[in-house]
Amino acid sequence: MKGRELSRDVALAPYTTYGIGGRADYFWEAPSLDSLKKGLHFAGDEGIPLFLLGGGSNVLFADEGIRGMVLRNAASGLVFRGSTVMADSGLPLECLLKEARALSLGGLEFLAGIPGTVGGALYGNAGAYGRSISETLVKATLIDAGGIEREVGPDYFEFRYRHSSLKHTREIILTATLELRERDSDSIGREMEAIMAERREKHPWHHGSCGCFFKNVATDDPGGRKLAAGKLLDSVGARGLARGRALVYEKHCNFLINAGGATARDILSLAALLKEKVREAHHITLEEEVQIIGERPPWERSI
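Attention here is on the structure that accompanies the text.

Reading the values: rules and limits
- Residues numbered from 1 in each chain as written.
- Predicted model: local features only at pLDDT ≥ 70, side-chain atom pairs only at ≥ 80, totals over all residues.
- Heavy atoms only, no water.
- Helix = DSSP H or I, 4+ residues; strand = E, 2+ residues; numbered from the N terminus.
- Rg over C-alpha atoms; globule rule 2.2 N^0.38 Å.
- Buried < 20%, exposed > 50% of the residue type's maximum accessible area, 1.4 Å probe, protein only.
- Contact = heavy atoms within 4.5 Å.
- Areas by Shrake-Rupley, 256 points an atom, 1.4 Å probe, with all protein chains shown as cover.
- Lys, Arg positive; Asp, Glu negative; His and termini not counted.
- Charge placed at Lys NZ, Arg CZ, Asp CG, Glu CD.
- Salt bridge = Lys/Arg side-chain N within 4 Å of Asp/Glu carboxyl O.
- Expected span 1.5 Å × (residues − 1).
- Arc of directions from axis to C-beta.
- Polar contact = N/O pair within 3.5 Å; in protein donor to acceptor, adjacent residues only side chain to side chain.
- Pairing = 2+ DSSP bridges.
- Axes fitted to C-alpha atoms, helices over the stretch in contact; angles between N-to-C directions.

This brings us to the overall build of the protein. A tally of regular secondary structure across the protein gives 7 helices and 20 strands. Against the globule reference of 19 Å for 303 residues, the protein gives a C-alpha radius of gyration of 19 Å, in line with a compact fold. Taken along the three principal axes of its C-alpha coordinates, the protein extends 50 × 50 × 35 Å. Looking at the 303 residues of the protein, the share that counts as buried comes to 47%. A sequence separation of at least 24 residues applies to 62% of the contacts in the protein between residues at least 6 apart. Taken as a whole, the protein presents about 14,400 Å² of accessible surface, with 49% of it coming from carbon and sulfur. Put simply, the protein has 38 plus and 40 minus side-chain charges, and the middle of one group is 3 Å from the middle of the other.

Quick look at the structure:
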């Protein structure tokens, strides 16, 4: 199968918010669900290892690149029916929030400023301010590696903090139906702007970043309270530490930024140093929130 969707030897860095990564042997750009399915079938028929890429906001590709095919999901269909919305999985969250606000539908304001797509957000159960996107899910249509489609409810995802069952099943979301709620458009806008203002103050908008690099740490607290990874890192002197062109952001220690020309090796080396510092000081092993994709040198595989 050939066509405009399929390219060879494509640089991956421009497709990520980190601006880091080697090249993919094959790259399939899917602007629609039909194209997404075609790309999935092509990889399966040809026996090519496949990695699904959405908005590229929570991924770090190895400097050596990907020996296989990257399937970029840019399917962005959107249909509103009353207070529910059915969105293609490649739709950017920013677009979903903008259209929902225009129709005076709230419930997703906490996602303001979070990059990525609807599918990626559900895959990692994205959230902020004590809420997560899983709370709004009604149903989703999935497709597996064999091309079999099925509709599932929220329970199938086994949602928990920054986790869904798709991390194990490897199924791909085609569409998701979310339940929103009627709310004054101006009130939605004010809340979103307040959240965006806070993010602009704390987050490294002018540097390559994947957002928070490490997950917050679960505790025995009955209320579900978690230890903030950023505070743990700050307590061990992480602020401003660097490896190569990778740097711990001065305003938030859980952001490992590309200060200009950083490599994946720089980021991974810095992450390994930070994990060791927290482990030594607090006997806690931090877990990465970012997906690290591609072969890494042996000394880096332990992070």
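Enumeration according to the criterion identifies 17 salt bridges in this entry. Here Glu 151 ties to Lys 139 by a salt bridge, and the two come within 3.9 Å at their closest N and O atoms. Here Glu 151, found in strand 12 (residues 149-152), pairs with Lys 139, found in strand 11 (residues 137-143); they are 12 residues apart in sequence, far enough to count as distant. With a shortest N-O distance of 2.6 Å, Arg 239 and Asp 234 are connected by a salt bridge.

Compared with the 26 Å implied by 1.5 Å per residue over 18 residues, the 26 Å span of helix 5 (residues 185-202) between its first and last C-alpha is a close match. The set of residues buried in helix 5 consists of Ile 188, Gly 189, Met 192, Ile 195 and Arg 199. The buried side chains of helix 5 occupy one side of the element, clustering within an arc of 135 degrees when seen end-on. Where helix 5 is buried, its residues touch helix 2 (93-102), strand 8 (105-106) and strand 9 (127-128). You can read the cap of helix 5 off the contacts: a side-chain oxygen lies 3.1 Å from the backbone nitrogen of Asp 186, and it is on Asp 184.

Turning next to the sheet that holds strand 2 (residues 23-30). Spatially, 4 strands are ordered 1-2-5-3 in an open sheet, and the strand pairing comes out mixed. Of all strands in the sheet, those bounded by a partner on one side alone are strand 1 (6-11) and strand 3 (50-53). Here the strands of the sheet are splayed against their neighbours by 35 degrees on average, with no regard to which way each runs. Pairing analysis gives 5 bridges linking strand 1 to strand 2, with the strands arranged antiparallel. Residue pairing for strand 2: Ala 11 is matched across the bridge by Arg 23.

Quick look at the pairing of strand 11 now. Among the 7 residues that make up strand 11, 5 are buried, leaving the element largely enclosed by the rest of the structure. Across 4 bridges, the pairing between strand 11 and strand 12 is antiparallel. Across the sheet, residue Thr 141 finds its bridge partner in strand 12, namely Glu 151. Counting the residues in the hairpin turn of strand 11 and strand 12 gives 5 residues, including Gly 147, whose phi is positive at 85 degrees.

To continue, consider unusual backbone geometry. Even without being glycine, Tyr 129 reaches a positive phi, approximately 55 degrees. The topology assignment puts Tyr 129 in the loop between strand 9 and strand 10 (131-132). Given the relative accessible area of 45%, Tyr 129 is considered partly exposed.

Here the focus is the environment of Leu 286. Tracing the chain through its elements places Leu 286 in the loop between helix 7 (264-282) and strand 20 (291-293). Separated by 269 residues in sequence, Leu 286 and Thr 17 place their C-alpha atoms 22 Å apart. The residues contacting Leu 286, other than those within four sequence positions of it, are Phe 214, Lys 215, Val 217, Ala 229, Leu 232, Leu 233, Lys 275 and Val 278.

So, about the sheet that holds strand 6 (residues 78-81). Strand pairing in a sheet takes place through backbone hydrogen bonds and is either antiparallel or parallel in direction. Within the open sheet, the 5 strands sit side by side as 6-7-13-11-12. Their pairing is antiparallel. Edge positions in the sheet fall to strand 6 and strand 12, since each has one partner strand and no second. With direction set aside, neighbouring strand axes in the sheet form an average angle of 15 degrees. Sheet topology places strand 11 next to strand 13 (residues 172-179); 6 bridges connect them, and they run antiparallel. If you follow Lys 139 over to strand 13, its bridge partner there is Thr 177.

This part covers the side chain of Ser 89. Here Ser 89 is to be found in the loop between strand 7 (84-88) and helix 2. Here Ser 89 falls in the buried class, since its relative accessible area comes to 3%. Residues contacting Ser 89, with those up to four places away along its chain left out, are Leu 36, Asn 73, Ala 75, Thr 117, Val 118, Gly 119, Ile 173, Leu 174 and Thr 175.

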